[in-house]
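Next come the chains, spelled out residue by residue.
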Amino acid sequence: QVQLVESGGGLVQAGGSLRLSCAASVGINSFNAMGWYRQAPGKQRELVARITSGGITDYADSVKGRFTISRDNAKNTVSLQMNSLKPEDTAVYYCDAFGRYDYWGQGTQVTVSS
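Now for a quick tour of the structure. (Residues numbered from 1 in each chain as written. Predicted model: local features only at pLDDT ≥ 70, side-chain atom pairs only at ≥ 80, totals over all residues. Heavy atoms only, no water.)

On to the pattern of salt bridges, then. Applying the stated criterion across every chain yields a total of five salt bridges. One salt bridge connects Arg-38 with Asp-89, and the closest N-O pair in it is separated by 3.0 Å. A residue pair is termed long-range when its members are at least 10 positions apart, and Arg-38 in strand E4 (residues 33–39) and Asp-89 in the loop between strand E8 (77–82) and strand E9 (91–98) qualify at 51 residues. For the pair Arg-38 and Asp-89, one class covers both residues: buried. Here Arg-50 makes a salt bridge to Asp-58, at a shortest N to O gap of 3.0 Å. The network of salt bridges with common partners includes Arg-38, Glu-46, Arg-66 and Asp-89. (Salt bridge = Lys/Arg side-chain N within 4 Å of Asp/Glu carboxyl O. Helix = DSSP H or I, 4+ residues; strand = E, 2+ residues; numbered from the N terminus. Buried < 20%, exposed > 50% of the residue type's maximum accessible area, 1.4 Å probe, protein only.)

Remark on secondary structure: sheet strands pair via backbone hydrogen bonds, oriented parallel or antiparallel. If you walk across this open sheet you meet the four strands as E1-E3-E8-E7, and the pairing is antiparallel. Edge strands, defined here as strands with exactly one partner in the open sheet, are strand E1 (4–7) and strand E7 (67–72). Pairwise comparison of adjacent strand axes, ignoring direction, gives a mean angle of 15 degrees for this sheet. (Pairing = 2+ DSSP bridges. Axes fitted to C-alpha atoms, helices over the stretch in contact; angles between N-to-C directions.)

Our focus in this paragraph is the side chain of Asp-89. Overall, the relative accessible area of 1% leaves Asp-89 in the buried class. Of the polar contacts made by the side chain of Asp-89, one reaches the side chain of Arg-38; its length is 3.0 Å. Once residues lying within four places of it in the same chain are set aside, the contact partners of Asp-89 are Arg-38, Val-63, Arg-66, Phe-67, Ser-84, Val-110 and Val-112. (Polar contact = N/O pair within 3.5 Å; in protein donor to acceptor, adjacent residues only side chain to side chain. Contact = heavy atoms within 4.5 Å.)

What follows deals with the pairing of E4. For E4, the buried fraction is high: six of the seven residues fall into the buried class. Examined bridge by bridge, E4 and strand E5 (residues 46–52) share six bridges and lie antiparallel to one another. Bridge pairing links Ala-33 to Thr-52 in E5. The loop that links E4 with its antiparallel partner E5 comprises six residues; one of these, Gly-42, has a positive phi angle of about 75 degrees. When E4 meets E9, the two strands line up antiparallel, connected through seven bridges. Counterpart to Arg-38 in the pairing with E9 is Tyr-93.

By themselves, these observations are geometric and do not establish any function.
Following this line, the structure appears as structure tokens:
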């Protein structure tokens, strides 16, 4: 069984910061990549950031320069540092493990107020 548990979401004012964490029940090196998706009301789920097993990262244009994805293989965790948050960042954020099969967490709510 593979379980992903997100944490760190909450309510923050525009311009503030949050750090999301994803804890995996198995070694994250067993996956090709780890990433974060988000889904806002009325919008399609979108890929926010991804980091491969080799450490290569990519980001959605809307978050470049503001968000940073990182991984801690020893702790089997993936984090998303979110700075300079904007109201349009409001969404449920999901951790995803990419491999032969994809696994998703239950999500954590991020709300950015004006």
